[in-house]
Amino acid sequence: MANKMQQKRERRLFSTSDDSAMMKQVQATHAPDGREVDVKPIFQILDEILIQVIARSIEGHHDKREQDMLETAAALAECDMLDSLAFIIQKISCELSCKCSGGGDAHASTMVLLNYLSNYSWHAKVVLTIAAFAVIFGEFWLVVQMSAENTLAKSVALLKQLPDIVENSTSLRPQFDALNKLVKAALDVTMYIVEFKELPSEYISEDTPPMSLASTHIPIAAYWVIRSIVACASQVSSLIGTRNESISSATEAWELTSLTHKVSSIYEHLKNQLAQCYIHIDDKRHTEAFHNLIRLFESIHVDNMKILRALIYAKDDLPPLIQGTTKSRASLEVLRRKNVLLLISDLDLSQEEIMILDNLYKDAQSRSETHYEMVWIPIVDKATWNDVNRQKFEYLQSLMAWYSVYDPFIIEPSVVKYIKEVWNFTKKAIVVALDPQGRLSSPNALHMIWIWGNLAFPFTSEKEESLWKQELWSLELLIDGIDPMVLEWMTEGKFICLYGGEDLEWIETFTTTAMNVAKAGRFELEMVYVGKSNAKERMQKMVDTFGTKKFSYYWPNVTSIWFFWARLESMLYSKLQHGSTVENDQIMSEIMTVLSFDGSDQGWAIFCRGTVEMARAKGDTALTSLRDFDKWKVNIEKDGFVPALKDYLNSLHTPHHCNRLILPGSSGGIPQKVVCAECGRQMEKYFMYRCCVE
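Everything numeric in this text was worked out from a predicted model, so none of it was measured.

**A word on the overall build of the protein**
No. 1: For the protein, the count of helices and strands is 27 helices and 12 strands.
No. 2: For the protein, the proportion of its 694 residues judged to be buried stands at 50%.
No. 3: Long-range contacts, defined as pairs at least 24 residues apart, comprise 73% of the intrachain contacts of the protein with a sequence gap of at least 6.
No. 4: When the accessible area of the protein is evaluated, it comes to approximately 34100 Å², of which 52% is carbon and sulfur surface.

Shown next as structure tokens:
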């Protein structure tokens, strides 16, 4: 709708005051013969003369910068191209001087010039016309400015009866202000007409909507630029012979101001249309670069440099990386023929993630068999970039021991598109693993890294599958890499209870009851509080409470609680990537059960001993089973504590219950089927949106 309204406004602008008959006249003069004119050198000279020098000459400025500009213009004038154009420029200049003196029909004069220039393209027509005017305007000011110091110039000024600028500065000011504004407006429109001509044809063609719409406007824009130059030439001519006359400038200034308004409006519309063309070109370029990336990853390379240059920075003009420990700049060469992990995230990357990765990275650096480099690639939105985000970026960068890009915006939009669409990055951090030849080892090795750390090197799907074949559902799998104390208890044959939730009343009752059962059963029981996922601030309060109340053993570092749940989620998504289901994979089934416990409002518990015996239940059921210890303790001698508890828990299943499983949707694939941990029925799928982790 907005585009349609804009197009309507443009049609009114380009047609209301210019009837179709006039436009047919203008178009009828256009008969290009294919000659190419490089207008850039000419345009640069025009800019130097008309804007940088002449517009200020009324103030009497003669600084060194002005002299430098004149020298530049003189050097440009030596180009061979001007030799072939000197005649047409002189011809137009004569036409402007003769036909415009004393007024006349501006439209008729404009049409004469368009006929002279019929064989040239639209952008050449306007540039050559302005060049012809620059000759007139330049000569006028040279004589006026030098007449006070140069006798020859003074004689010419007297013969021409040119006004004394200093004496008449007050009366001439409105005319010169209006004249300079119109010249500037005409140059601005001309600049855009030239830019349209120079748009890369491989990315935008004449029949492409942004370009095709602009093409219909360029002829009338050229007409009004040339007509404005005719008015400017007439204004300069009117000053000849006015040395001793009273100069009335109101009418002339009004006419120039009216034209300036017209040309400025054309400028704004061409500016908007050109912006649309550049958006189209950028989209084409980004799409091309995106497909080039796809082809690069499908090709074989001798090393990883082509891939890294395409992903991070393709030029050689600056080192694109910051080294983490020294904070010095580094080139991509430091990554040549190395295993490289690309840490990709937004600016919400948590300190917990950085802390765990820091330990693993430093460990890998000390071992030749697992040596790899890591590079942080932040994905940020340029539209919302501000000082706060820059400070956040620099703070996160300062925490990292590995490499990072020195500026987020050296990452091209096509690369961001590839990262999002091919590697499925949305918000949650991923780690893309590349081998020494730049081949993709894993589109997201973060799951492997959280589960097995550097044991997962070189982070290939085959290595991941091999590691899973060695795993059983056990306490060791749940706790590995988090707390060696718990693993030591396991090897000692102690009974261990992992429990979570944040209901303090239930926690106090459950821990007291569990320890009473252990005392009554005459066995050692160690209890470990593992908290709740995605609740960092609340967990800190819980840890503080545990420090005071001493309910049981707990992890005083909230990072350990975060890592416990991050590993569980990673296990689930790792299993999903390998096609596991709850029906054919016990580990996946148990992981989903624990995650569904965490999704409920209750506490929960897992009792285990060794690597095989495990029993788990939600809070109320777990507490009821412990309170009913006398009912099933007779089975302990025959079956063992954990199997006896498991049997009794199964008998407590109630038909009315509700389990929830909450998964971060941006971490990987979502399981098609999830079954209830209590009754085994398939759970219904819902969607939940959450703005924070608390």
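**Topic: the sheet that holds strand β11 (residues 604-609)**
Two orientations exist for strands paired in a sheet by backbone hydrogen bonds: parallel and antiparallel.
No. 1: Sheet architecture is open: 5 strands sit in the order β10-β9-β8-β11-β12, paired in mixed fashion. The open sheet has two edge strands, β10 (553-554) and β12 (613-618), and neither has a second partner.
No. 2: Note: β11 against β12, 6 bridges, orientation antiparallel. Bridging from a neighbouring strand, phenylalanine 607 pairs with alanine 615 of β12.
No. 3: Helix α23 (residues 586-599) contacts β9 (525-531), β11 and β12 of the sheet and is inclined by roughly 30 degrees relative to β12.
No. 4: In this fold helix α24 (residues 619-627) packs onto β11 and β12, with an angle of close to 120 degrees to the strand it touches most, β12.

**Here's the deal with the environment of lysine 633**
No. 1: For lysine 633, the location among the structural elements is in the loop between α25 (629-632) and α26 (636-639).
No. 2: Judged by relative accessible area, which is 39%, lysine 633 ranks as partly exposed.
No. 3: Once the C-alpha coordinates of lysine 633 and valine 517 are considered, the two residues, 116 residues apart in sequence, prove to be 9.7 Å apart.

**Digging into the pattern of salt bridges**
No. 1: What the rule picks out here adds up to 23 salt bridges.
No. 2: A salt bridge links lysine 427 to aspartate 346, with the shortest nitrogen-to-oxygen separation between them at 2.9 Å. Of the two residues, lysine 427 sits in the loop between α15 (413-421) and β6 (430-434) while aspartate 346 sits in the loop between β3 (340-345) and α13 (351-365), which places them 81 residues apart along the sequence.
No. 3: A relative accessible area of 15% means that aspartate 346 is categorised as buried.
No. 4: Across the salt bridge formed by arginine 439 and aspartate 435, the nearest N and O atoms sit 2.7 Å from each other.
No. 5: Residue classification places arginine 439 among the partly exposed positions, given a relative accessible area of 47%.
No. 6: Here aspartate 435 falls in the buried class, since its relative accessible area comes to 11%.

**Looking at the nonpolar core**
No. 1: In this structure, Phe459, Tyr499, Phe510, Phe564 and Phe641 are the most contacted members of the largest nonpolar core, which totals 107 residues.
No. 2: Per-element tally for this core: the top contributor is helix α22 (residues 558-577), with 11 residues.
No. 3: Taken together, domain 2 (304-459) and domain 3 (475-683) each give at least three residues to this core, which thus spans both.
No. 4: The contact partners of phenylalanine 641, leaving out residues within four places of it in the chain, are Phe495, Val517, Phe523, Phe607, Phe629, Trp632 and Ile636.
No. 5: Ranked by size, the runner-up nonpolar core spans 78 residues in total, among them Trp122, Ala132, Val189 and Cys277.

**A word on the packing of aromatic side chains**
No. 1: Evaluation of the coordinates by the stated rule reveals 38 aromatic pairs.
No. 2: A centroid spacing of 5.9 Å and a plane angle of 80 degrees characterise the contact between tryptophan 565 and tryptophan 604, whose relative ring orientation is edge-to-face. Within this pair, whereas tryptophan 565 is found in helix α22, its partner tryptophan 604 is found in strand β11, the two being separated by 39 residues in sequence.
No. 3: For tryptophan 604, a relative accessible area of 0% puts it in the buried group.
No. 4: The lysine or arginine in question, arginine 35, covers the ring of tyrosine 120, its NZ or CZ lying 4.6 Å from the ring centre.
No. 5: The positively charged end of lysine 91 is found above the aromatic ring belonging to tyrosine 116, 4.4 Å away from the centroid.

**Thoughts on the packing of helix α6 (residues 106-116) against helix α10 (residues 209-239)**
No. 1: Packing of α6 against α10 brings their axes to within 9 Å, and their N-to-C directions diverge by 115 degrees. In this structure, α6 meets α10 at a crossing whose hand is right-handed. Note on element contacts: α10 touches α6 through Tyr223, Ile226, Arg227 and Val230, opposite Ala106, His107, Ser109, Thr110, Met111, Leu113 and Leu114.

**Some points on unusual backbone geometry**
Note: most residues except glycine have negative phi, and most peptide bonds are trans.
No. 1: That bond from phenylalanine 457 to proline 458 is cis: its omega, 10 degrees, falls within 30 degrees of zero.
No. 2: Of note, proline 458 is situated in the loop between α16 (446-452) and α17 (461-469).
No. 3: Even without being a glycine, lysine 327 presents a positive backbone phi close to 60 degrees.
No. 4: When you line up the elements, lysine 327 lands in the loop between β1 (321-322) and β2 (329-330).
No. 5: The partly exposed category is assigned to lysine 327, whose relative accessible area is 37%.

**Some words on the confidence of the model for the protein**
No. 1: Predicted confidence across the protein gives a mean pLDDT of 83, with 81% of residues reaching 70 or more.
No. 2: In this model, residues 5-17 is a region of pLDDT below 50 whose contacts with residues beyond four sequence positions or in other chains number 19 contacts.

**Re the pairing of β9**
Two faces belong to every sheet, and in a regular strand the side chains alternate between them.
No. 1: With 7 of its 7 residues buried, β9 lies for the most part within the structure.
No. 2: Neither face of β9 is left uncovered, since the one carrying Leu525, Met527, Tyr529 and Gly531 and the one carrying Glu526, Val528 and Val530 both have all their residues buried.
No. 3: Between strand β8 (residues 495-500) and its parallel partner β9, the chain crosses via helix α20 (residues 504-521), and the hand of that crossover is right-handed.
No. 4: Bridge count between β9 and β10: 2 bridges; the pairing is parallel.

**A look at a negative patch on the surface**
No. 1: A cluster of acidic residues, Asp503, Glu505, Glu508 and Asp620, forms a negative patch on the protein surface.
No. 2: Position of aspartate 620 among the secondary structure elements: in helix α24.
No. 3: For aspartate 620, a relative accessible area of 46% translates into the label partly exposed.

**Concerning the environment of asparagine 389**
No. 1: Tracing the chain through its elements places asparagine 389 in helix α14 (residues 387-398).
No. 2: The spatial distance from the C-alpha of asparagine 389 to the C-alpha of leucine 347 is 7.6 Å, given a sequence separation of 42 residues.
No. 3: Residue contacts for asparagine 389: discarding those within four places in its chain leaves Leu347 and Thr384.

**Remarks on the sheet that holds β1**
No. 1: As summarised here, the arrangement of the 7 strands in space is β2-β1-β5-β4-β3-β6-β7, forming an open sheet in which the pairing is mixed. With one partner strand each, in any of the chains shown, β2 and β7 (440-442) form the two edges of the open sheet.
No. 2: With 5 bridges joining them, β3 and β6 adopt antiparallel strand pairing. Bridge pairing in β6 links leucine 342 to valine 432.
No. 3: Against the sheet, α14 makes contact with β1, β4 (373-378) and β5 (403-405), and its axis sits at roughly 170 degrees relative to β4, the strand it touches most.

What counts, and at which threshold
Residues numbered from 1 in each chain as written. Predicted model: local features only at pLDDT ≥ 70, side-chain atom pairs only at ≥ 80, totals over all residues. Heavy atoms only, no water. Helix = DSSP H or I, 4+ residues; strand = E, 2+ residues; numbered from the N terminus. Buried < 20%, exposed > 50% of the residue type's maximum accessible area, 1.4 Å probe, protein only. Contact = heavy atoms within 4.5 Å. Areas by Shrake-Rupley, 256 points an atom, 1.4 Å probe, with all protein chains shown as cover. Pairing = 2+ DSSP bridges. Axes fitted to C-alpha atoms, helices over the stretch in contact; angles between N-to-C directions. Salt bridge = Lys/Arg side-chain N within 4 Å of Asp/Glu carboxyl O. Core = buried A, V, L, I, M, F, W, Y, C linked by side-chain atoms within 4.5 Å. Domains from an automatic or database assignment. Phe/Tyr/Trp six-rings, centres within 6.5 Å; stacked < 30°, edge-to-face > 60°. Lys NZ or Arg CZ within 6 Å of the ring centre and 35° of its normal. Left-handed = near helix turned anticlockwise from the far one by under 90°. pLDDT = per-residue confidence, 0-100. Right-handed = clockwise from strand over helix to strand, strands pointing away. Patch = residues over 30% accessible without salt bridge, like charges linked within 9 Å, V, L, I, M, F, W, Y side chains within 5 Å. Lys, Arg positive; Asp, Glu negative; His and termini not counted. Charge placed at Lys NZ, Arg CZ, Asp CG, Glu CD.

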